[in-house]
Amino acid sequence: EILEEKRDRDQDGRYETITSFKDTSPVSQKRDKNQDGKFDAFITIKDSVPTFEEADSDFDGVPDRFTFISDQGLLEEIRDDKERTGHINQIRYFKAGEKIDLVAQDKNRDGIHDVRAIFNDEQEKESVEVDGNQNGNFDTWGTYGSKGIKNIEKDENENGRVDLIEVYTNGK
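Attention in this report is confined to the structure presented alongside it.

Of the regular secondary structure elements, the chain holds zero helices and 14 strands. Mapped in sequence order, the helices and strands of the chain form the string β-β-β-β-β-β-β-β-β-β-β-β-β-β. The C-alpha radius of gyration of the chain comes to 21 Å, more than 25% above the 16 Å expected for a compact globule of 172 residues. Along the three orthogonal principal directions, the C-alpha set of the chain runs to about 65 × 30 × 30 Å. Of all intrachain contacts in the chain linking residues separated by at least 6 positions in sequence, the fraction that spans at least 24 positions is 7%.

Quick look at the nonpolar core now. Grouped together as the largest cluster of nonpolar side chains are eight residues: I78, F94, I100, V103, V115, A117, F119 and V128. Looking at this core, the element that brings in the most residues is strand β10 (residues 115-119), giving three residues. Apart from residues lying up to four places away in sequence, V115 is in contact with V103, A104, Q105, K107, V128, E129, V130 and F138.

On to a nonpolar patch on the surface, then. Among the surface-exposed residues, V162, I165 and V167 lie close enough to one another that they form a single nonpolar patch of about 290 Å² accessible area. Its relative accessible area of 68% is what places V167 among the exposed residues.

Pairing between side chains becomes possible if they bear opposite charge and their charged atoms approach one another. What the rule picks out here adds up to 12 salt bridges. In this structure, the salt-bridge partner of D71 is K46, at a minimum N-O distance of 3.7 Å. Highlighted residues: D71 in the loop between β6 (65-69) and β7 (75-80) and K46 in strand β4 (residues 41-46), separated in sequence by 25 residues. The network of salt bridges with shared partners includes R65, D80 and R92.

Below, the discussion takes up the pairing of strand β11 (residues 125-130). Strand direction decides the pairing type here: β10 and β11, joined by five bridges, are antiparallel. Of the residues in β11, the one forming a bridge with F119 is K125. Taken together, β10 and the strand that follows it, β11, pair antiparallel across an intervening segment of five residues, in which Q123 is found at a positive phi of about 70 degrees. Examined bridge by bridge, β11 and strand β12 (residues 140-145) share four bridges and lie antiparallel to one another. Across the sheet, residue V130 finds its bridge partner in β12, namely T140.

So, on to the packing of aromatic side chains. Here a ring pair, both rings aromatic, is described through the centre-centre distance and the interplanar angle of the planes. Across all of its chains, the model carries one aromatic pair by this definition. Cation over ring: K125 sits above Y144, and NZ or CZ is 5.1 Å from the ring centre.

On to the side chain of N151. On the secondary structure map, N151 appears in strand β13 (residues 148-154). In terms of polar contacts, N151 uses its side chain to reach the side chain of T143, at 2.9 Å. Those residues in contact with N151 that lie beyond four places of it in its chain are W141, G142, T143, E166, V167 and Y168.

The next subject is unusual backbone geometry. Phi is positive for D47, which is not a glycine, with a value near 50 degrees. Residue position: D47 is located in the loop between β4 and β5 (49-55). The exposure class assigned to D47 is exposed, which follows from its relative accessible area of 68%. Positive phi, normally seen in glycine, also occurs at A96, with a value near 60 degrees. Considering the arrangement of structural elements, one finds A96 in the loop between β8 (90-95) and β9 (99-105). Classification of A96 as exposed rests on a relative accessible area of 60%.

Here the focus is the environment of K82. Positionally, K82 belongs in the loop between β7 and β8. The class of K82 is partly exposed, set by a relative accessible area of 48%. Each C-alpha atom, one on K82 and one on R65, is 8.5 Å from the other, the two residues being 17 residues apart in sequence.

Rules used throughout
Within each chain, residue numbers correspond to sequence positions counted from 1 in written order. Totals for whole chains, interfaces and linings use all residues, but because this is a predicted model, local features are given only for residues with pLDDT of at least 70 and pairs of side-chain atoms are given and counted only at 80 or more. Heavy atoms throughout the structure, all of them, feed into the side-chain values; hydrogens and water do not. Working definition: helices are DSSP H or I runs of at least four residues, strands are E runs of at least two. Numbering for both runs from the N terminus. We compute the radius of gyration from the C-alpha atoms alone; for a globule the expected value is 2.2 Å times N to the 0.38, where N is the number of residues. By definition, residues are in contact when any of their heavy atoms lie within 4.5 Å. Only buried residues count toward a nonpolar core. Its members are Ala, Val, Leu, Ile, Met, Phe, Trp, Tyr and Cys residues joined through side-chain atoms within 4.5 Å. Between buried and exposed lies partly exposed: a residue is buried under 20% and exposed over 50% of the maximum accessible area for its type, with that area taken using a 1.4 Å probe on protein chains only. Within the patch definition used here, like charges are joined within 9 Å and nonpolar side chains (Val, Leu, Ile, Met, Phe, Trp, Tyr) within 5 Å, considering only residues with over 30% relative accessible area and no salt bridge. To measure how exposed things are, a 1.4 Å probe is used in the Shrake-Rupley method; for residues, cover is taken only from the protein chains shown. The working definition used for a salt bridge is a side-chain nitrogen of Lys or Arg within 4 Å of a carboxyl oxygen of Asp or Glu. Note: two strands are recorded as paired if DSSP finds a minimum of 2 bridges between them. For Phe, Tyr and Trp, rings pair up if their centres lie within 6.5 Å, where Trp contributes its six-membered ring, and each pair is then called stacked (planes under 30 degrees apart), edge-to-face (over 60) or tilted (otherwise). A ring is scored as having a charge over it whenever the NZ atom of a lysine or the CZ atom of an arginine sits within 6 Å of its centre and within 35 degrees of its normal. Pairs of N or O atoms are called polar contacts if they sit within 3.5 Å, as long as, within protein, a hydrogen donor faces a hydrogen acceptor (for residues adjacent in sequence, only side-chain-to-side-chain pairs).

Shown next as structure tokens:
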């Protein structure tokens, strides 16, 4: 029975991949993605399918990317700490395991999305919602077409109704 498999692909004496097994099935894996001798990706495996990855994408020693994968092996979401603050400030949601459906950002690190961008099947930005004053309510909405921004609607006095509409031609 295999408990652990270690691989040193570049034969420098340091393992780039260590896979742990339970009852002959892989259950986790550690990877050194930049061959610096430090593991920077930790993967959970269920029924031989990776279902979660915690990674240090900028190789500073701190995990900053968390990837969630369905039991069928389809990418569901990626959570990033893009600003290196210890807080998730961007989440990308995927449909069909590959196309971005929605990108949400938390600009003020309060755990509430301040910006949401929705994408179509061609991976073009379709619309954006912004909580400009960061009070938990979206107050600016933009729609996009093939030539860029089409219009922007704003609730400037925070009463929940659109007060201003800007219409653009050819994205300008």
